[in-house]
Amino acid sequence: MKMKVLYTIKRPIIFLRNIYKIAKISSKNYIFIISDVIKLNKQKGLTTEEYFQFEFERRDKDFRDSFLGLNEQRYYLDYLNPKKYYILARNKYLTHKVLNNTGVRKSELYCYYHPEGKVLHSSEIANNLEGIVRILKSKEIDQCVIKTTESSSGANVLVVKKISYSDNNCILTLFDGTVKKMSDFISDTPLIFESLIAQTEQLSSLNPSSVNTIRFMTTLYPSGESKVIAAFIKIGRDGKCVDNAGKGGNVDACIDINTGKILYTIQFDGWRRIKNITHHPDNGNLIEGIKIEGWEKIKDQVNKFQESFPFIKAAGWDIAVTDEGPVVIEVNDMWDRTGQYFIRRGWRNEIRDCYFAWKKTGVKYNSGRLNNNFSVIKMNKIINKDNSNK
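Being a predicted model, the structure only gives us computed values, none of them experimental. (Residues numbered from 1 in each chain as written. Predicted model: local features only at pLDDT ≥ 70, side-chain atom pairs only at ≥ 80, totals over all residues. Heavy atoms only, no water.)

**Focus on the overall build of the chain**
Thinking step 1. Along its length, the chain carries 13 helices and 14 strands.
Thinking step 2. Buried residues in the chain amount to 49% of all 390 residues.
Thinking step 3. Surface exposure of the chain reaches about 19100 Å², of which carbon and sulfur atoms provide 50%. (Helix = DSSP H or I, 4+ residues; strand = E, 2+ residues; numbered from the N terminus. Buried < 20%, exposed > 50% of the residue type's maximum accessible area, 1.4 Å probe, protein only. Areas by Shrake-Rupley, 256 points an atom, 1.4 Å probe, with all protein chains shown as cover.)

**Topic: the sheet that holds strand 8 (residues 214-220)**
Thinking step 1. If you trace the seven strands from one edge of the open sheet to the other, you get 12-11-10-9-8-13-14, paired in antiparallel fashion. Each edge of the open sheet is held by one strand with a lone partner, namely strand 12 (274-276) and strand 14 (325-332). Averaged over all pairs of adjacent strands, the angle between their axes in this sheet comes to 30 degrees, without regard to strand direction.
Thinking step 2. In this sheet, strand 14 lies alongside strand 13 (residues 314-322) in antiparallel orientation, the contact comprising seven bridges. Directly across from Trp317, in strand 14, lies its bridge partner Val331.
Thinking step 3. Running at roughly 50 degrees to strand 8, helix 10 (residues 295-307) makes contact with strand 8, strand 9 (226-235), strand 10 (250-255), strand 13 and strand 14 of the sheet.
Thinking step 4. Its contacts with the sheet put helix 12 (residues 348-359) on strand 8, strand 9 and strand 13, and the angle it makes with strand 8 is roughly 30 degrees. (Pairing = 2+ DSSP bridges. Axes fitted to C-alpha atoms, helices over the stretch in contact; angles between N-to-C directions. Contact = heavy atoms within 4.5 Å.)

**As for the sheet that holds strand 1 (residues 109-113)**
Thinking step 1. Read across the open sheet, the seven strands follow the order 2-1-7-3-4-5-6; overall the sheet is mixed. With partners counted over all chains shown, the strands left at the sheet margins are strand 2 (125-126) and strand 6 (179-181), one partner each.
Thinking step 2. Across two bridges, the pairing between strand 1 and strand 2 is parallel. Bridge assignment links Tyr112 to a residue of strand 2, and that residue is Ile125.
Thinking step 3. Strand contacts of helix 8 (residues 129-138): strand 1, strand 2, strand 4 (157-165), strand 5 (170-174) and strand 7 (191-194), with the helix running at about 175 degrees to strand 1, the strand carrying the most contacts.

**Digging into the pairing of strand 4**
Thinking step 1. Looking at chain direction, strand 3 (residues 144-148) and strand 4 are connected through four bridges and run antiparallel. Counted as the bridge partner of Cys144 is Val160 from strand 4.
Thinking step 2. Pairing of strand 4 with strand 5, which is carried by five bridges, proceeds in the antiparallel orientation. In the strand pairing of strand 5, Lys162 is matched with Thr173.

**Looking at a negative patch on the surface**
Thinking step 1. There is a patch of like negative charges on the surface, built from Glu201, Glu293, Asp323 and Glu324.
Thinking step 2. Topologically, Glu201 is positioned in helix 9 (residues 201-206). (Patch = residues over 30% accessible without salt bridge, like charges linked within 9 Å, V, L, I, M, F, W, Y side chains within 5 Å. Salt bridge = Lys/Arg side-chain N within 4 Å of Asp/Glu carboxyl O. Lys, Arg positive; Asp, Glu negative; His and termini not counted. Charge placed at Lys NZ, Arg CZ, Asp CG, Glu CD.)

**Digging into helix 5 (residues 70-80)**
Thinking step 1. Among the eleven residues that make up helix 5, eight are buried, leaving the element largely enclosed by the rest of the structure.
Thinking step 2. Among the residues of helix 5, those classed as buried are Asn71, Glu72, Gln73, Tyr76, Leu77, Asp78, Tyr79 and Leu80.

**Digging into the nonpolar core**
Within soluble globular proteins, side chains that are nonpolar generally end up buried alongside one another.
Thinking step 1. Core analysis: the biggest nonpolar cluster contains 40 residues, and Tyr51, Phe56, Leu80, Trp335, Trp347 and Ile351 have the highest contact counts within it.
Thinking step 2. Counting only elements with at least two residues in this core, the list comes to helix 1 (2-25), helix 2 (30-44), helix 3 (48-53), helix 5, strand 9, strand 11 (262-268), helix 11 (339-343) and helix 12.
Thinking step 3. Of all the elements, helix 12 adds the most residues to this core, at five residues.
Thinking step 4. When residues no more than four places from it in sequence are discounted, the contact partners of Trp347 are Ser66, Leu68, Met217, Ile229, Ala230, Phe232, Trp335, Asp336, Arg337, Gly339 and Gln340.
Thinking step 5. Judged by nonpolar contacts, the second largest core, of 33 residues, contains Ala231, Val251, Ile255 and Val302. (Core = buried A, V, L, I, M, F, W, Y, C linked by side-chain atoms within 4.5 Å.)

From the geometry alone we can't say anything about function, so treat these as descriptive.
Structure representation (structure tokens):
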């Protein structure tokens, strides 16, 4: 109760602070911005933070109408990606096990470290440092990627270029040349150890130090058919091994889902610190206008991935493109909205179409895994406002 009261008190302060920030940066006056923010909040639950981040004061009607904000997104995804299944995407070890048993290509899983309990014997699961060393050594692993099992946005990822074994430890040479002991990274946090991925020469040329992944947004329908509704590429910077866009400092671009052509390339250094570019800012290589080789086959494979993973019906797939085809890096059940900036349109209509298609089937799930601060009554009005033709 105390936290709720505190949040209620803070809301107008946060609102006014954001309004001031928007007015200071843009050419619009306070009255216009306040009335516009209130209107969009009433129409679609848009927050002042989203208004600021996506520069709504200068957006055209198409972008405004098609944009899917956090409050409305949570409503749809709570149904399409229900809580009884979402852990299959959230936990990287479980994702590995499910995808590997459905024929979906993923990096090879070497070891899963879980510090609780005591496994009798496993060639894959370890509960302590000794178990990790035993498993990796028995498989003669000399390089790998180490990730925490439930992080996202490229956080807590270690690229290990060389592993040297001692009796009860490993010496790791990291991507940047730093040398550490395996014991330095072992704590009460679960980890997975995966194989490195070799991307195609075309994607490597964009930035060789990072695996430059493509985010595919897909929806799965009751018929079993999957659709790619959007795609964008995340390209790392020189000397960085992570390509994530959410943290800033990246190069990002839309990919035309019909042609595979890269469009609207930007240097994303944070919200309102974005500039249009055509070439990579570090190596000078051309990005804008390039067509992804084998695009139709890649897209077809990703649709098959979604059809093989029906637990999450509106997914964000981070895909590495290799000479053997697309490989899943990560499946996202609760994806952010940033991609709508990159592709210069929203995906509200596509997500709504999928949502109402499943609602018509009468399938019901227990909801409530998300903390949505927006009034349920107000949100129901927003959701059903334009549903007369569904």
